[in-house]
Amino acid sequence: MAPRHGHGQDVVDENGIRQVAGCLPIDVVSKRFLLVTSSSHPDVWVIPKGGWEKDETQKQAAMRETWEEAGVKGVINKHLGVFTEKSKHGVKAHHWIYEMEIKEVTKKFPEQKKRARRWFTYDEAMVVVKAHYIKDAISMSSLSPLVHSGDEEKKKKKKKKEGEDDKEKKKEKKKNKKKDSEEDDDDEEEDKKKKKKNKKKDSDEEENDEDDKEEKKKKKGKKKDSDKDEEGSEEDKKKKKKKNKKKGSEEDEDEDKKMKKKGSEDDEEKKEKKKKKDKKKYSEDEGIEINSESEAIK
């Protein structure tokens, strides 16, 4: 990083006011500032700063001036603001001041013979620094109790908000839990109803199965009875047939007997008639013979 000299390239605004860039170097470990003395007033403590030139940005100008005047290299953390330097005649310059976290402090630097450098706490810096715009910048730095107070306030607000959010979350969680519980109860009730319904359905199916079994059993019994009836009927038929056959046989025998008896009676009658006839004939023959004899006697 090469040092620059003169103000020929300095940036000015539309009103012709000079634009200055600088850094407030901070050691974050020891929580101290590194200040330097003014080149024109050795008893005045200031921050490293200088003219912002046309071929660089405000940050580049601030980092270059900090190395040239304080021998410090680091990282810019934040822009503290644009601060106005006033004189008896009005606005002298606008200062673009940045907070720098120190990474390296070199032993040799371009203006080491012109300036002294020294570490200061926040309170010490606020005492030794006379320029109001630099005090304003220091009061807005990360080492400022005002900022920390603001930070504390912010933290409190944040904590309060987080607490409210947690409370709201817990409330929401409780609400959701209750809702889930109610849904679970509803689901459980639904499951119970479903289970009961299924149980009833199973019971009905079992009853239907039992009825079907009973019906099948009855049908089987009926069929069996029917088979028995058929068997009995068949047996009855056979018996009846046998009986009828026997009856027919008996009737035939009776008929034969009757026929025989009748034939016998007819034969007897014929015999009797013949006998009577023969007897009559014989009687008539006898009569003839008697008559013949009588005639002979005469």
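Residues numbered from 1 in each chain as written. Predicted model: local features only at pLDDT ≥ 70, side-chain atom pairs only at ≥ 80, totals over all residues. Heavy atoms only, no water.

The protein chain goes by Nudix hydrolase domain-containing protein in an unreviewed UniProt entry, where it is assigned to Rhizopus delemar. As recorded by UniProt, the Cofactor (unreviewed entry) comment attached to the protein chain reads in full: "Mg(2+)". (UniProt positions renumbered as here; feature names shortened; annotations may be inferred.)

Colleague: Any chance you could break down the packing of aromatic side chains for me, citing the residues and the numbers?
Modeller: Applying the stated criterion across every chain, the model contains two aromatic pairs. For the ring pair Trp45 and Phe120, a centre distance of 5.0 Å and an interplane angle of 70° mean the geometry is edge-to-face. Of this pair, Trp45 sits in strand 3 (residues 45-46) while Phe120 sits in strand 7 (residues 117-120), and the two are 75 residues apart along the sequence. According to the relative accessible area criterion, Phe120 is buried, its value standing at 1%. When the ring of Trp52 is compared with that of Trp96, the centres are 5.9 Å apart and the planes differ by 70°; the resulting orientation is edge-to-face. A residue pair is termed long-range when its members are at least 10 positions apart, and Trp52 in the loop between strand 4 (49-51) and helix 1 (58-70) and Trp96 in strand 6 (residues 90-105) qualify at 44 residues. (Phe/Tyr/Trp six-rings, centres within 6.5 Å; stacked < 30°, edge-to-face > 60°. Helix = DSSP H or I, 4+ residues; strand = E, 2+ residues; numbered from the N terminus. Buried < 20%, exposed > 50% of the residue type's maximum accessible area, 1.4 Å probe, protein only.)

Colleague: How would you explain a positive patch on the surface if you had to name every residue and give the values?
Modeller: Side chains of Lys167, Lys171, Lys175 and Lys179 sit close together on the surface and give a patch of like positive charge. Examined against the element boundaries, Lys179 turns out to sit in helix 4 (residues 145-297). In this structure Lys179 comes out as partly exposed when scored by relative accessible area, which is 48%. (Patch = residues over 30% accessible without salt bridge, like charges linked within 9 Å, V, L, I, M, F, W, Y side chains within 5 Å. Areas by Shrake-Rupley, 256 points an atom, 1.4 Å probe, with all protein chains shown as cover. Salt bridge = Lys/Arg side-chain N within 4 Å of Asp/Glu carboxyl O. Lys, Arg positive; Asp, Glu negative; His and termini not counted. Charge placed at Lys NZ, Arg CZ, Asp CG, Glu CD.)

Colleague: A description of a negative patch on the surface should follow, citing residues and the corresponding values.
Modeller: A contiguous patch of negative charge, built from Asp180, Glu182, Glu183, Asp185, Asp186, Asp187, Glu188, Glu189, Glu190 and Asp191, is present on the exposed surface. In this structure Glu182 comes out as partly exposed when scored by relative accessible area, which is 42%.

Colleague: Now, about the pattern of salt bridges: what can you tell me, with residues and values included?
Modeller: This model, assessed by the stated rule, comprises eight salt bridges. For Glu85, the salt bridge identified is with Lys92, shortest N-O distance 3.9 Å. On the basis of relative accessible area, Glu85 is assigned to the buried category, the value being 18%. Looking at Lys92, the relative accessible area reads 53%, which means it is exposed. Arg115 is paired through a salt bridge with Glu111; the nearest N and O atoms lie 2.6 Å apart. Looking at Arg115, the relative accessible area reads 13%, which means it is buried. The buried category is assigned to Glu111, whose relative accessible area is 15%. Several salt bridges share partner residues, and in doing so they unite Glu56, Arg64, Glu65 and Glu68 into one network.

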